[in-house]
Amino acid sequence: MLRIQDLVKIYPGPVAALKGVSLEIPEGLFGLLGPNGAGKSTLMNILSGLLEPTGGSVTLDGVDIVKDPRAVWARLGYLPQDFGFYPSLSGAQMLDFLLRLKGVDAPQGRKALVAELLERVNLADAAKRKVRTYSGGMRQRLGIAQAIAGNPRLVIVDEPTAGLDPEERQRFYRILAELGRDRIVLLSTHIVEDIATLCPRFAVIRGGRCVTSGGTSDARKRLDGRVFEGIVQPDELERIRAAHRVTQAVLVEGSLFRTRVQGEPGSQPAGFVSVPPTLEDVYFGVMDESRAADAARASVPAFATATVA
Ligand code: ADP
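All figures in this text were calculated on a predicted structure; none of them were measured in a lab.

Colleague: Break down unusual backbone geometry for me, citing the residues and quoting the values.
Modeller: A cis geometry characterises the amide bond from Gly13 onward to Pro14, with omega recorded as -5 degrees. Looking at the secondary structure, you find Pro14 in the loop between strand E1 (2–11) and strand E2 (15–25). Phi at Asn122 is positive, roughly 60 degrees, even though this residue is not glycine. Position of Asn122 relative to the elements: it lies in the loop between helix H4 (110–120) and helix H5 (136–148). One non-glycine residue, Glu253, lies in the positive phi region at around 50 degrees. Relative to the elements of secondary structure, Glu253 occurs in the loop between strand E12 (245–252) and strand E13 (256–262). On the basis of relative accessible area, Glu253 is assigned to the exposed category, the value being 77%.

Now the structure itself:
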């Protein structure tokens, strides 16, 4: 279990990137979702021991990561967003180099371990090719190979599918799904589909705060019967926006909008039909509520808060 309690990070500026995040992350795949600037990378960097938090605690199976990052490094695999490659090395040479840097134990010899890891991420055939000739997906898989060396308890992957084509994305999903069977895999992304495909549990962070967390299917079920869809003209969309909670409006064929609204059954605009809720509906709904709560807080005059307090 990875336990995060009241985590705060304030960068010089000051910029409050995390404002008290608490999460309990069990074994399996866990998705951390949020828009750019939400604080995901800051959280990932703290969890991987690269950055010290301003406050709060993180424990992995009871061991305090913040107090003793070294104790956790050996049990941690990390695939950061910007993974540095040496393009003139072959895949096998690059991996060998990274394993040496990481100080991974290889009782059967490093060469055998490199071969085993490359096999695991489907790169055995490309072992001797220069990394320069690898596709984005192949580079990501090489990154995963170094992350899983030493059989870590916790694997952290930051924005792993950005820039991958659909086929590479599917291949990468399969590797992550396999990894999640017997360890904690934390997947940070702004791509909702990644989480919907892979993660039974998830959290959404926005503005340095966790705005929701729990089971993905439970979150979808809670919206059952409350999501409606219709195809509308641009001027109609504006009228609907004025009276309903529009959570998505996607342009179709350049002129119409496939529009989703959330609300009580029966309250939907004419012609809208009830649709099965997706994780995107959950995400957009939660973001919408969180923005509305911010706006409400900002509009309360200071003296009113003082009176209530
Ligand atoms: P995400 O990964 O979700 O895009 P980040 O953790 O990168 O979010 O950033 C969270 C907030 O902290 C942003 O407002 C960002 O500008 C700020 N931030 C990130 N790194 C630094 C830094 N080194 N110094 C100051 N502010 C930072």
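What follows picks up the thread again.
Colleague: Which residues make up the domain arrangement of the chain, and what values do they have?
Modeller: What the domain assignment lists for the chain is domain 1 (2–75 + 152–220), domain 2 (85–143) and domain 3 (225–304). Computed from C-alpha coordinates alone, the two centres of domain 1 and domain 3 are separated by 28 Å. Taken together, the contact pairs 14 residues of domain 1 with 11 residues of domain 3. For the pair domain 1 and domain 3, the interface holds 1 salt bridge. Note that Asp294 and Arg206 form a salt bridge whose closest N and O atoms lie 2.8 Å from each other.

The rules behind the values
- Residues numbered from 1 in each chain as written.
- Predicted model: local features only at pLDDT ≥ 70, side-chain atom pairs only at ≥ 80, totals over all residues.
- Heavy atoms only, no water.
- Helix = DSSP H or I, 4+ residues; strand = E, 2+ residues; numbered from the N terminus.
- Buried < 20%, exposed > 50% of the residue type's maximum accessible area, 1.4 Å probe, protein only.
- Domains from an automatic or database assignment.
- Contact = heavy atoms within 4.5 Å.
- Salt bridge = Lys/Arg side-chain N within 4 Å of Asp/Glu carboxyl O.

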